[in-house]
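Secondary and tertiary structure notes
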Amino acid sequence: MSDINISERQAGDVTILDLSGKVTIGEGSVALRSAIRRLLDEGKNKILLNLGSVGYIDSSGIGELVSSFTAVNKEGGSLKLLNLTQKIQDLLAITKLLTVFDVYDAEAEALASYN
Amino acid sequence: MTLQEVFNLPSRIESVDEAASKADDFAKKSGLGDDFISSIDLAVRESVANAVKHGNKFDESKVVEIRLSRSESVFEMSVRDFGTGFDPEEIPDPTDPANLLKASGRGILFMRAFMDEVEWVNADGGGTIVRMVKRQ
């Protein structure tokens with residue numbers, strides 16, 4: 001059984017990926033990388049990652065968020081984060097990545113920020 | 001009273017989950033609280049991942065040796081690999097603005113952030129031991 005589930009929704013030209021489970025070394029990180037690569041291949045480069053149901057993330061998962069961010073930027077797009085759990089927020093603060101990512105608590109506000 | 005547990009795991013990624021699960025069970029048996037266990041969980045995952053990837057370089061003929069102990073208010077954990085050695089000072093600071101967008105190099109930062117003491121020693125007979133302590 002997979003440790004991570006990624007489902008995709010479309011809101012205008014923004015693609016929302018709802019992640020649940022664990023974004024950790026191995027399967028979880030690889031699944032996220034594959035999902036982002038597929039979206040970029042399809043020309044979808046406005047991406048919102050909903051992390052509200054991610055129960056666990058490690059340094060590999062954080063690294064994958066960073067890789068996703070840079071890959072999307074490179075394609076002229078924008079990757080933003082939605083619904084950080086307290087734990088993920090703590091890890092992003094420790095790594096000073098809260099200064100890098102655009103982070104939102106409300107989906108409507110996040111979607112509006114792409115315009 | 002001191003509780004102790006020692007176990008070896010093979011050098012593969014699946015061992016990270018297994019080590020975390022065993023450490024969580026040990027911590028629960030020791031009567032530690034959820035926040036404490038959450039910190040241990042992250043530290044054991046990061047240290048075992050480092051041992052598998054960077055220490056033993058996925059060589060399954062080499063094991064990762066994990067020791068857990070709890071006495072009074074101190075929880076101690078050590079993770080040993082059988083690699084060629086490691087100098088934590090050589091790892092670039094991942095919070096340096098020049099390194100913020102690097103994909104890796106944050107595991108040690110997390111171990112230091114969530115445990116009270118972290119040190120690396122060269123093991124007699126080869127390999128590296130990372131020893132971590134957390135106090136209640």
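That block above? That's the structure.
Described below are features of the structure shown in this document. Note that residues are indexed from 1 along each chain, following the sequence as it is written. Chain letters start at A and ligand numbers start at 1, both assigned in the order the entries are written. Thresholds applied to this predicted model are a pLDDT of at least 70 for local features of residues and 80 or more for the giving and counting of side-chain atom pairs; totals over whole chains, interfaces and linings are not thresholded and use all residues.

Section: the interface of chain B and chain A
Whether two residues are in contact is decided by their C-beta atoms, placed from the backbone, lying within 7 Å. With 17 residues of chain B in contact, the opposing surface of chain A contributes 15 residues. Where the side of chain B that touches chain A is concerned, the elements lending two or more residues are helix H2 (34-55) and helix H3 (107-114) of chain B. Side-chain classes are defined by residue name, with Ala, Val, Leu, Ile, Met, Phe, Trp, Tyr, Cys and Pro counting as nonpolar, Asp, Glu, Lys and Arg as charged, and the others, Gly among them, as polar. Split into classes, the residues belonging to the side of chain B that touches chain A amount to 11 nonpolar, 3 polar and 3 charged. Runs of H or I in DSSP of at least four residues are treated as helices and runs of E of at least two as strands, each being numbered from the N terminus.

A word on the sheet that holds strand S5 (residues 103-104) of chain A
All names here are of chain A. In this description, strands pair whenever DSSP reports at least two bridges between them. With mixed pairing, 5 strands are arranged side by side in an open sheet as S1-S2-S3-S4-S5. Here the strands that pair on one side only, and so sit at the sheet edges, are strand S1 (4-11) and S5. Relative to strand S3 (residues 46-57), strand S2 (residues 14-23) runs parallel, the two being bridged by 8 bridges. Residue Gly 21 lies in a different strand from S3, and its bridge partner there is Val 54.

Examining the sheet that holds strand S3 (residues 74-80) of chain B
Residues and elements named next belong to chain B. With antiparallel pairing, 5 strands are arranged side by side in an open sheet as S1-S2-S3-S5-S4. In this open sheet, the two edge strands, each paired with only one partner strand, are strand S1 (2-10) and strand S4 (117-122). Each adjacent strand pair in this sheet contributes to an overall mean axis angle of 15°, direction not counted. Summarising the sheet, S4 and strand S5 (residues 128-135) pair through 6 bridges and their orientation is antiparallel. Among the inter-strand pairings, Glu 119 is bridged to a residue of S5, identified as Arg 131. Set on the sheet, helix H1 (residues 14-29) makes contact with S1, strand S2 (63-71) and S3; between it and S1 the angle comes to about 170°. Between N-to-C directions, angles span 0 to 180 degrees; the directions come from axes that are lines fitted to C-alpha atoms, helices contributing only their stretch in contact.

Quick notes on the packing of H2(B) against H3(B)
Residue and element names in this part refer to chain B. With their axes 9 Å apart at the nearest point, H2 and H3 run at an angle of 150° to one another. Put simply, H2 runs roughly antiparallel to H3. By crossing handedness, the relation of H2 to H3 is classed as left-handed. Residue-level inspection shows Ser 39, Leu 42, Ala 43, Glu 46, Ser 47, Ala 49 and Asn 50 of H2 in contact with H3, the latter providing Gly 107, Phe 110, Met 111 and Phe 114. The residue inventory of the contact of H2 with H3, partitioned by class, reads 6 nonpolar, 4 polar and 1 charged. With respect to orientation, any angle under 35 degrees is reported as roughly parallel, any angle over 145 as roughly antiparallel, any angle of 65 to 115 as roughly perpendicular, and every other angle as oblique. Crossings are assigned a handedness: left-handed for a near helix turned anticlockwise from the far helix by less than a right angle, right-handed for a clockwise turn.

Quick word on unusual backbone geometry
Positive phi is not limited to glycine here, since Lys96(A) has a value of about 65°. Its location among the elements puts Lys96(A) in the loop between helix H3 (86-94) and S5. In this structure, Glu72(B) takes a positive phi of about 45° despite not being glycine. For Glu72(B), the location among the structural elements is in the loop between S2 and S3.

Focus on the environment of Leu32(B)
All names here are of chain B. Locating Leu 32 in the fold gives a position in the loop between H1 and H2. Counting along the chain gives 17 residues from Leu 32 to Ala 49, while the straight-line C-alpha distance between them is 23 Å. Other than its neighbours up to four places away in sequence, Leu 32 contacts Ala 27, Ile 37 and Phe 75.

Some remarks on the nonpolar core
Residues Leu19(A), Ile47(A), Leu49(A), Leu51(A), Val54(A), Ile57(A) and Ile88(A) are the most contacted members of the largest nonpolar core, which totals 30 residues. If you tally residues by element for this core, the top one is S3(A), at 7 residues. Residue contacts for Ile47(A): discarding those within four places in its chain leaves Thr15(A), Leu17(A), Ile36(A), Leu39(A), Val72(A), Gly77(A) and Leu79(A). As used throughout, a nonpolar core is a set of buried Ala, Val, Leu, Ile, Met, Phe, Trp, Tyr and Cys residues joined through C-beta atoms within 7 Å of each other. To assign burial, the other C-beta atoms lying within 10 Å of each residue's own C-beta are counted, with C-beta atoms placed from the backbone; 20 or more indicates buried, 12 or fewer indicates exposed, and intermediate counts indicate partly exposed. The next biggest cluster of nonpolar side chains, apart from the first, holds 29 residues, and it includes Ala51(B), Ile108(B), Leu109(B) and Val130(B).

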